[in-house]
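Understanding the architecture of this molecule
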Amino acid sequence: MNAFLSRIRALFDGDRASHSVVPPSGYTANLTVFTAAAMSFLAVFAIALSVATDRLADHWAGELARTATVRISAPADQVAAQTQAALRVLETTPGVAEARAFEAEEQMALLTPWFGPDLPVETLPIPQLIEVVEDEQGLDAEGLKLRLAAEVPGAIFDDHTRWRRPLVAAASRLQTLGLVSIVIIAGATAAMITLAANSALAANAQIIGVLRLVGARDIFIARAFVRRFTFRAFAGGVLGAVLATIALLFLPNTEEAGGFLTGLSFVGWNWLLPLAVPFLAGFVAYAATRFAALRVLKGLT
Amino acid sequence: MIELKNAAYNYGGRDLLSGLSLKLSPGSFHFLTGPSGAGKTTFLKLCYMELQATAGQVNVFGKDVTTLSRDEIAKTRSRIGVVHQECKFLDHLPLTANVCLPLTATGREVNPDDLRDLLAWVGLDGHADSLPPQLSGGERQRAALARAVIMAPDIILADEPTGNVDWEMSQRLLRLLVELNKMGKTIMIATHDLNLIRAAKNQVNSRVLRISNHKLQLAGADL
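Residues numbered from 1 in each chain as written. Chains lettered and ligands numbered in written order. Predicted model: local features only at pLDDT ≥ 70, side-chain atom pairs only at ≥ 80, totals over all residues. Heavy atoms only, no water.

**A few points about the overall build of chain A**
What chain A contains, in helices and strands, is 10 helices and four strands. Relative to its 301 residues, chain A shows a buried fraction of 39%. Sequence separation of at least 24 residues holds for 85% of the intrachain contacts in chain A that already meet a minimum separation of 6. Carbon and sulfur atoms provide 67% of the accessible area of chain A, an area that totals close to 16,600 Å². (Helix = DSSP H or I, 4+ residues; strand = E, 2+ residues; numbered from the N terminus. Buried < 20%, exposed > 50% of the residue type's maximum accessible area, 1.4 Å probe, protein only. Contact = heavy atoms within 4.5 Å. Areas by Shrake-Rupley, 256 points an atom, 1.4 Å probe, with all protein chains shown as cover.)

**Topic: the pattern of salt bridges**
Should their charged atoms come close, side chains of opposite charge can pair. Overall, the coordinates contain nine salt bridges over all chains when judged by the stated rule. Here A:R217 makes a salt bridge to B:D71, at a shortest N to O gap of 3.5 Å. On the criterion of chain membership, the pair formed by A:R217 in the loop between α8 (205-213) and α9 (218-249) and B:D71 in helix α2 (residues 70-77) is interchain, its members lying in two chains. When the shortest N-O distance is used, the salt bridge between B:K40 and B:E160 registers 3.9 Å. Here B:E160 lies in the loop between β7 (155-159) and α7 (167-182) and B:K40 lies in helix α1 (residues 40-47), a separation of 120 residues in the sequence. (Salt bridge = Lys/Arg side-chain N within 4 Å of Asp/Glu carboxyl O.)

**What to know about the packing of helix α4 (residues 79-91) of chain A against helix α6 (residues 141-151) of chain A**
Residues and elements named next belong to chain A. The geometry of α4 relative to α6 is characterised by a closest axis approach of 10 Å and an angle of 145° between their N-to-C directions. Here the hand of the crossing between α4 and α6 comes out right-handed. Judged by residue contacts, A86, V89 and L90 of α4 engage L144, R147, L148 and E151 from α6. Among the residues making up the contact of α4 with α6, the classes are represented as five nonpolar, no polar and two charged. (Axes fitted to C-alpha atoms, helices over the stretch in contact; angles between N-to-C directions. Left-handed = near helix turned anticlockwise from the far one by under 90°. Nonpolar A, V, L, I, M, F, W, Y, C, P; charged D, E, K, R; others polar.)

**Some details on the interface of chain A and chain B**
Contact with chain A, which involves 21 residues of that partner, is made by 20 residues of chain B. Both faces combined, the contact of chain A with chain B buries some 1,900 Å², and carbon together with sulfur accounts for 60% of it. Run the count over chain A and chain B and you get two salt bridges. A salt bridge links A:D218 to B:R70, with the shortest nitrogen-to-oxygen separation between them at 2.6 Å. Across the contact surface, chain A and chain B share six residue pairs in polar contact (both at pLDDT 80 or more). (Buried area = accessible area lost by both parts, 1.4 Å probe. Polar contact = N/O pair within 3.5 Å; in protein donor to acceptor, adjacent residues only side chain to side chain.)

**Notes on the packing of aromatic side chains**
What the rule picks out here adds up to four aromatic pairs over all chains. Centroid distance B:F29 to B:F31: 5.4 Å. Interplanar angle 55°. Geometry classified as tilted. Seen from the ring of A:F102, A:R100 lies directly overhead, with NZ or CZ sitting 5.4 Å from the centre. One cation-aromatic arrangement involves B:R79 over B:F61; the distance from NZ or CZ to the ring centre is 3.8 Å. (Phe/Tyr/Trp six-rings, centres within 6.5 Å; stacked < 30°, edge-to-face > 60°. Lys NZ or Arg CZ within 6 Å of the ring centre and 35° of its normal.)

**Thoughts on the confidence of the model for chain B**
Low-confidence regions, as indicated by low pLDDT, have predicted coordinates that should not be scrutinised in detail. Averaged over every residue, the pLDDT of chain B is 87; residues scoring 70 or more account for 98%. Predicted confidence in chain B is weakest over strand β10 (residues 215-218) of chain B, with a mean pLDDT of 84, and strongest over strand β8 (residues 186-190) of chain B, with 92. (pLDDT = per-residue confidence, 0-100.)

**Describing the environment of A:Q128**
All names here are of chain A. Note that Q128 resides in strand β3 (residues 128-134). Considering only alpha carbons, one finds Q128 and A43, 85 residues apart in sequence, at a separation of 50 Å. With residues near it in sequence (within four places) discarded, Q128 still touches V70, R71, I72, V79, T83, A101, F102 and Q107. Here the side chain of Q128 touches F102 through a polar contact of 2.9 Å, landing on its backbone oxygen.

**Re the environment of A:L273**
Residue and element names in this part refer to chain A. If you trace the backbone, L273 turns up in the loop between α9 and α10 (276-298). The exposure class assigned to L273 is partly exposed, which follows from its relative accessible area of 24%. Leaving out residues up to four positions away in the same chain, L273 has contacts with I47, V51 and F266.

**Considering the pairing of β7(B)**
All names here are of chain B. In terms of burial, β7 is a largely internal element, five of the five residues being buried. Residues of β7 alternate between two faces, with I155, L157 and D159 on one and I156 and A158 on the opposite face, all of them buried. Strand direction decides the pairing type here: β7 and β8, joined by five bridges, are parallel. Directly across from D159, in β8, lies its bridge partner A190. In terms of handedness, the path from β7 via α7 over to β8 forms a crossover that is right-handed. (Pairing = 2+ DSSP bridges. Right-handed = clockwise from strand over helix to strand, strands pointing away.)

**Notes on the nonpolar core**
Residues and elements named next belong to chain B. Ranked by internal contacts, the top residues of the largest apolar core, which has 41 residues, are F29, F31, V99, L145, I150, L174 and I189. Among the elements of the structure, β3 (29-33), α3 (95-99), α5 (112-121), α6 (137-149), β7, α7, β8 and α8 (194-201) are those that each provide at least two residues to this core. Here the element with the most residues in this core is α7; it accounts for seven residues. In this structure, V99 is in contact with L115, L118, L119, A143, A146, R147 and I150, ignoring residues within four places of it in sequence. (Core = buried A, V, L, I, M, F, W, Y, C linked by side-chain atoms within 4.5 Å.)

**A look at the packing of α8(A) against α9(A)**
Residue and element names in this part refer to chain A. One can describe the packing of α8 onto α9 by two numbers: an axis separation of 10 Å at closest approach and a directional angle of 150°. Taken together, the axis directions place α8 and α9 in an arrangement best described as roughly antiparallel. Crossing hand, α8 versus α9: right-handed. Contacts between α8 and α9 involve I208, L211 and R212 from the former and D218, F220, I221 and F225 from the latter. Of the residues in the contact of α8 with α9, the class split is five nonpolar, no polar and two charged. (Parallel < 35°, antiparallel > 145°, perpendicular 65-115°, else oblique.)

**Quick word on the sheet that holds β3(B)**
Residue and element names in this part refer to chain B. Taking strand neighbours across the sheet as the criterion, the six strands line up as β6-β7-β8-β3-β9-β10 in an open arrangement whose pairing is mixed. Strands with a single pairing partner mark the edges of an open sheet, and in this sheet they are β6 (80-83) and β10. Adjacent strand axes in the sheet meet at a mean angle of 20°, parallel and antiparallel pairs treated alike. Sheet analysis places β6 next to β7, joined by four bridges and oriented parallel. Directly across from V82, in β7, lies its bridge partner L157. Of the strands in this sheet, β3 and β9 (207-212) are in contact with α8, which crosses β3 at around 165°.

Here you go:
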């Protein structure tokens, strides 16, 4: 760690001398900055995607996990008796905090969005719903299903797992995609910086030859290039991250749409995450240039 | 200082140089001569470790060159000053920065008084801020010599230092190299200019090496 810190320090102050030995490189420097900016811009979105889907997965898992439903489908004259029987079973089941049969009005309210307000719901053979709220321990779904099957033939227990699982799976898959994107972006940045560094090394072959001749060590020569590319990538990283963060700030608010989507944006401390992007860009450039430079230098006498 | 033991350099399947044996002792003054393309530059490159012998052994300051790491070679080179035929500089930096390059590249301080004295010694005190492309051939040669000696090296190797300059200037460069030799430096000058070798005979006790037929021979004292 100390060695790493001293390298960082050398990058900043130790080698102004090594900085000046390589001539300024004009517009190709701007291309490096642009590349780093573009990649950082994309990286911020990939991070936003990961964070948002993580939040979404938590949200879905949390909302759906604590509640379950028992549905009673029985001939009209037995519904009331079976509902009572099911409630008795539920009350004696460990892990059930609350079990409550829906009133007819509540069931109607649930159906209104689908059938419209004018449908005479009471005339239809609609199953009775019982809302089950689990307590902290959670309940043993398999055991409950068996007991209900034995005592209440018309009862079907639904713990929403079947809804939850694909949603949570989709959300975590999206999160993985976001993380993979970040890795790919970092890799592409490293590749582009390596190409730029190699062409800079080739363009300055004569200077490298002179430096070698007068007794400069490889690390001195490499540092001249590493320093440049690290600062360019960092500057580009700042530019890209700032622009992407501004873009996220001005995303339309999805809360009012009342939906499912929690929005591709940051919440709370997440807003600090884009700060890491320029440092990541700088570090990638540092590592890529150092590797490229030392490798090229090793091939020279 | 530099010792070659039966060293050879093989290029493209044939020996360019072979059976080289030589021991450069401290404070000696050698000329290296021979026809163009005989391998004078290659011989010097073996001495300053830009090339490695393909056979035999080269020892620099008592160490076998093949055992040195890249950083050790860099460190050893700071004890050897090299003046090239085609002087290479960093064209975007002024003369002073170029002359000081061996110091800055190895993290050493530049003493402004020493630098001023050095530039005066090679007669470039009026050109401190000139860029290398603005200098004439003779000025470039003298700048290269100043750069070669700024680290106070033990050995100075010069490859055709008078190749691009007139007789007057070559005499001046020779005097500078003779002065360095009198200060105890080991000097080796590759040249095909026999007049220069003759002129040196009056000033310094020099020996002449000759490369011909891929071999290194000690030429007669009566050149």
